[in-house]
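# Chains, contacts and geometry: an overview
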Amino acid sequence: MRRTLTVLSLAISAVSAGLFSAPVLANDQVINLYSARHYPTDEALYSDFTKATGIKINRVDSDDAGIIARLKAEGSASPADVILLVDAARLWRGEVDGLFLPIKSKALETAIPSQLRAKPTDDGTAWFGLSTRARVVVYDKLKVNKADVDTYQELADTKNKGKLCIRSGSHPYNLSWFGAMIEHLGPAATEVWLKGMVDNMARAPKGGDTDQIKAVASGECGIAVTNTYYLARLMRSTTPADKAVTERVGVVFPNQQSWGTHVNVAGGAVARHAKNQANAVKFLEYLVSPDAQNHFANGNNEWPVVKGMKLDNPALQAMTGGSFKSELVPISAVGMNQIKVQQMLDRVGFK
């Protein structure tokens, strides 16, 4: 089973922990991976890469914040070659803090839309989005009219007072979404919108996205916000309780008639002090191959970043017919707005 590092363990060096004893030398057929992707289905992704290339993967798992903290603590002594994170704001923070090595890769630049990767510099691109997850609205089909929640703006409308359930405003998924809203609405209107959502809450923010979906199904809330892959997991579950949840709720991809639905990215970068740079680039390029992109879609219910990929995932197909209009806000701009967003949340009392 994979190991999740505690905050305490992040202060221990990789060498003293014995995590990377031999494979840090350059030119070895190895990469040392720090990953915030805690999805069991990714095991096949890693093993397939090793089978195809002969490059072994040594992996340390933590959350986004833990990985950023570890890289800062290790500095130039870090054995990390590749970093995988699951939020746009964290990717942006890693770039700003100088933790990533900009690279030039025609394969990555061709496959990944420009808004889903870092802004390129003369040295290259610091990070790349590898899969996306849409931030959608789920609603109680018995109590809520779909037309009343088909835009994000309506979540703050008084017609939805007392209906909204949502996780903490300071969670990275929401910080990135709110950062995108600043790009669409401007700062002043976004703060008014955030205050409207606070006023419409059925209860104080708590739990994760799956908890919000279940709260709608139980009747505690009328509407909630979730990333699509959480809903897809419930839709693909064979558990009777999960089936009952998905039968009760509907899903809306907001703002299809305007700027499109917000998407966040899971992405990757080469570590600033990577000892196995060539292998690291090979791994990132592998993650935009058809096999890997299909894995993201069918294994973990994420949307591929490569256009034209055919989806075989029944849950994603059922949600949208296989495609939807997504916003085109650069992910790098979303990250830059996170401090401004947190200040707004404090002012409006969004916990």
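Residues numbered from 1 in each chain as written. Predicted model: local features only at pLDDT ≥ 70, side-chain atom pairs only at ≥ 80, totals over all residues. Heavy atoms only, no water.

## Some details on the environment of Phe 100
- Assignment of secondary structure puts Phe 100 in the loop between helix 4 (88-96) and helix 5 (106-111).
- We classify Phe 100 as buried; its relative accessible area is 2%.
- Residues Phe 100 and Asp 63 lie 37 residues apart in sequence; the distance between their C-alpha atoms is 17 Å.
- If near-sequence neighbours (up to four positions away) are discounted, Phe 100 is found in contact with Ile 83, Leu 85, Leu 91, Gly 94, Glu 95, Ala 126, Trp 127, Ala 269, Val 270, Ala 271 and Arg 272. (Helix = DSSP H or I, 4+ residues; strand = E, 2+ residues; numbered from the N terminus. Buried < 20%, exposed > 50% of the residue type's maximum accessible area, 1.4 Å probe, protein only. Contact = heavy atoms within 4.5 Å.)

## Regarding unusual backbone geometry
- One non-glycine residue, Asn 255, adopts positive backbone phi at about 60°.
- When you line up the elements, Asn 255 lands in the loop between strand 7 (249-252) and strand 8 (263-270).
- The phi angle at Asn 301 is positive, at roughly 60°, despite the residue not being glycine.

## Some remarks on the nonpolar core
- With 79 residues, the main nonpolar core has Ile 83, Ile 112, Phe 283 and Leu 287 as its most contacted residues.
- The contacts of Ile 83, once residues within four sequence positions are left out, are Tyr 34, Ile 67, Leu 71, Phe 100, Gly 267, Gly 268, Ala 269 and Ala 271. (Core = buried A, V, L, I, M, F, W, Y, C linked by side-chain atoms within 4.5 Å.)

## As for the environment of Ala 274
- Structurally, the position occupied by Ala 274 is in the loop between strand 8 and helix 11 (277-286).
- A residue is classified by how much of its surface remains accessible, and Ala 274, at 8% relative accessible area, is buried.
- Between the alpha carbons of Ala 274 and Ala 80 there is a distance of 5.8 Å; along the sequence they are 194 residues apart.
- Ignoring anything within four residues of it in the chain, the contact list for Ala 274 reads Ala 80 and Asp 81.

## Let's talk about helix 8 (residues 209-218)
- For helix 8, the complete set of buried residues consists of Asp 209, Gln 212, Ile 213, Ala 215, Val 216 and Ala 217.
- After helix 8 finishes, the residue Gly 219 shows a positive phi value of roughly 95°.

## What to know about the pairing of strand 8
- Along strand 8, eight of the eight residues are buried, which leaves the element largely enclosed by surrounding structure.
- Neither face of strand 8 is exposed, since Val 263, Val 265, Gly 267 and Ala 269 on one face and Asn 264, Ala 266, Gly 268 and Val 270 on the opposite face are all buried.
- In this sheet, strand 8 lies alongside strand 3 (residues 82-85) in antiparallel orientation, the contact comprising four bridges. Across the sheet, Val 82 pairs through a bridge with Val 270, a residue of strand 8. (Pairing = 2+ DSSP bridges.)

## So, the confidence of the model for the chain
- Of the residues in the chain, 92% reach a pLDDT of 70 or more, and the chain-wide mean stands at 91.
- Below pLDDT 50 for its whole length, residues 1-27 participates in 49 contacts with residues either more than four positions away or in separate chains. (pLDDT = per-residue confidence, 0-100.)

## Details of the pattern of salt bridges
- If you walk through the whole model with that rule in mind, you get 16 salt bridges.
- Close ionic contact of Arg 248 with Asp 140 constitutes a salt bridge, the shortest N to O distance being 2.8 Å. With Arg 248 in helix 10 (residues 240-248) and Asp 140 in strand 4 (residues 128-140), this pair connects stretches of sequence that are 108 residues apart.
- Residue Arg 248 is classed as partly exposed on the basis of its relative accessible area, which comes to 22%.
- Relative accessible area serves as the criterion here: at 0%, Asp 140 is assigned to the buried category. (Salt bridge = Lys/Arg side-chain N within 4 Å of Asp/Glu carboxyl O.)

## Describing the packing of aromatic side chains
- Scanning the model with the defined rule gives 14 aromatic pairs in all.
- On the numbers, 5.9 Å between centres and 75° between planes, the contact of Tyr 39 with Tyr 229 is edge-to-face. Placement of Tyr 39 in the loop between strand 1 (30-35) and helix 2 (42-53) and of Tyr 229 in helix 9 (residues 228-236) is noted, with a sequence separation of 190 residues between them.
- You can call Tyr 39 buried: its relative accessible area is 1%.
- Each ring, one from Phe 253 and one from Trp 303, has its centre 6.3 Å from the other, and the planes form 85°; the classification is edge-to-face. Highlighted residues: Phe 253 in the loop between strand 7 and strand 8 and Trp 303 in strand 9 (residues 303-304), separated in sequence by 50 residues.
- Among the aromatic residues, ring-to-ring pairing joins Tyr 152, Trp 177, Phe 178, Trp 193 and Phe 350 into one connected group. (Phe/Tyr/Trp six-rings, centres within 6.5 Å; stacked < 30°, edge-to-face > 60°.)

## As for the packing of helix 8 against helix 9
- Contact geometry of helix 8 with helix 9 gives a least axis separation of 9 Å together with a crossing angle of 60°. Taken together, helix 8 and helix 9 sit at an angle that is classed as oblique. Of the two possible hands of crossing, helix 8 and helix 9 adopt the one that is right-handed. Contacts between helix 8 and helix 9 pair Asp 209, Thr 210, Ile 213 and Lys 214 from the former with Tyr 230, Leu 231 and Leu 234 from the latter. (Axes fitted to C-alpha atoms, helices over the stretch in contact; angles between N-to-C directions. Parallel < 35°, antiparallel > 145°, perpendicular 65-115°, else oblique. Left-handed = near helix turned anticlockwise from the far one by under 90°.)

## Side note on the pairing of strand 2 (residues 56-61)
- Across six bridges, strand 1 lies against strand 2 in parallel orientation. Bridge pairing in strand 2 links Ser 35 to Asp 61.
- In this region the chain leaves strand 1, passes through helix 2 and returns to the parallel neighbour strand 2; the handedness of that crossover is right-handed. (Right-handed = clockwise from strand over helix to strand, strands pointing away.)

## What about the side chain of Thr 190?
- Mapped onto the elements of the fold, Thr 190 is located in helix 7 (residues 187-199).
- Among the residues examined, Thr 190 registers a relative accessible area of 0% and is labelled buried.
- Those residues within four positions of Thr 190 in sequence are excluded, and the remaining contacts are Phe 178, Met 181, Ile 182, Leu 185 and Met 344.

## Observations concerning the packing of helix 7 against helix 15 (residues 338-348)
- The interhelical angle for the contact between helix 7 and helix 15, taken along N-to-C directions, is 45°, at an axis separation of 10 Å. Judged on the interaxial angle alone, helix 15 and helix 7 are oblique. Where helix 7 crosses over helix 15, the handedness of that crossing is right-handed. Touching Pro 187, Thr 190, Glu 191, Leu 194, Lys 195 and Val 198 of helix 7 are Lys 340, Met 344, Leu 345, Arg 347 and Val 348, all from helix 15.
- By residue class, the composition of the contact of helix 7 with helix 15 is six nonpolar, one polar and four charged. (Nonpolar A, V, L, I, M, F, W, Y, C, P; charged D, E, K, R; others polar.)

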